[in-house]
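Chains, contacts and geometry: an overview
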Amino acid sequence: MSYDLIFLLEEPSMKNVLDQLLPKIIPDEINYICIPHQGKQDLCKSIPNKIKAFQYSPDTRFIIVHDQNSHDCKKLKSELLEICQTAGKSNNVMIRIICHELESWFLGNLAAVEKAYNMKPNSLSKQQSKKKYRNPDQLNSAKQELKRLVNEYYPGIHSKKIAPYLSLTDNTSHSFQVFIKGIKHLLSVSP
């Protein structure tokens, strides 16, 4: 099968999220696939192979999604772009870095977390105006912060639980908004 968009993801939990978000953005006539990997090294090793394997059409676009973690964002993006260039594909590639980790997207939409865990209305969402939740990308450990707010939160598994409730517009995570805008822009310039 030929794909218009190929998402290469650092981890399975991102696939859980994109499986919920992308159908809200991408029209039915656009074929896409999300391919999760088992961390940064697995993703980096896989990029050249995937680029060569999926070059069905010159219009096929690759979207690489990677957590920033403790990396320098610009350096990480540059490294990923270099891998793509070495594989012979630097045009039609979009790289999106999540600052700092996927949980930042969840903290940017506390109403979604609240709904996912059947919490009392406004028990979490009222905290969205607090400084650290107005810009959750600034938190070095969003995962720990989310665990502090929701004791039963377990990375990977619970991304499936929160993802259906994520709003495309009401999210204070800048990296989330950049990701959504990037996909919309990509769709608007697609042949």
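Up top is the structure.
First things first, this report covers the structure right here in the doc. The structure displayed is predicted, hence computed values, not measured ones. (Residues numbered from 1 in each chain as written. Predicted model: local features only at pLDDT ≥ 70, side-chain atom pairs only at ≥ 80, totals over all residues. Heavy atoms only, no water.)

Turning our attention to unusual backbone geometry. Both trends apply: most residues other than glycine have a negative phi, and most peptide bonds are in trans. One non-glycine residue, Asn-118, lies in positive phi territory at about 50°. Within the secondary structure, Asn-118 is located in the loop between helix 5 (110-116) and helix 6 (131-134). Within the chain, Asn-122 stands out as a residue other than glycine whose phi angle is a positive 70°. What makes Asn-122 partly exposed here is its relative accessible area of 47%. (Helix = DSSP H or I, 4+ residues; strand = E, 2+ residues; numbered from the N terminus. Buried < 20%, exposed > 50% of the residue type's maximum accessible area, 1.4 Å probe, protein only.)

Our next topic: the packing of helix 1 (residues 12-25) against helix 9 (residues 174-189). Contact geometry of helix 1 with helix 9 gives a least axis separation of 11 Å together with a crossing angle of 45°. The angle between helix 1 and helix 9 places the two elements in the oblique class. Handedness of the crossing formed by helix 1 with helix 9: right-handed. Counted together, Leu-18, Leu-21 and Ile-25 of helix 1 and Phe-176, Phe-179, Ile-180, Ile-183, Lys-184 and Leu-187 of helix 9 form the full contact between these two elements. (Axes fitted to C-alpha atoms, helices over the stretch in contact; angles between N-to-C directions. Parallel < 35°, antiparallel > 145°, perpendicular 65-115°, else oblique. Left-handed = near helix turned anticlockwise from the far one by under 90°. Contact = heavy atoms within 4.5 Å.)

Right, let's talk about the environment of Ser-2 for a bit. Summarising the element assignment, Ser-2 is placed in the segment before strand 1 (5-9). The class of Ser-2 is partly exposed, set by a relative accessible area of 38%. Through-space distance from the C-alpha of Ser-2 to that of Thr-60 is 8.5 Å; in sequence the pair is 58 residues apart.

Attention now moves to the environment of Pro-48. With respect to the element layout, Pro-48 can be found in helix 2 (residues 40-53). A relative accessible area of 22% places Pro-48 in the partly exposed class. Spatially, the C-alpha atoms of Pro-48 and Ile-83 are 6.9 Å apart, while their sequence positions differ by 35 residues.

What follows deals with the pairing of strand 4 (residues 93-98). The buried fraction of strand 4 is high, at six of six residues. With burial as the criterion, each face of strand 4 is covered, one bearing Val-93, Ile-95 and Ile-97 and the other bearing Met-94, Arg-96 and Ile-98. Across six bridges, the pairing between strand 3 (residues 61-67) and strand 4 is parallel. Across the sheet, the residue bridging to Ile-64 is Ile-95, located in strand 4. (Pairing = 2+ DSSP bridges.)

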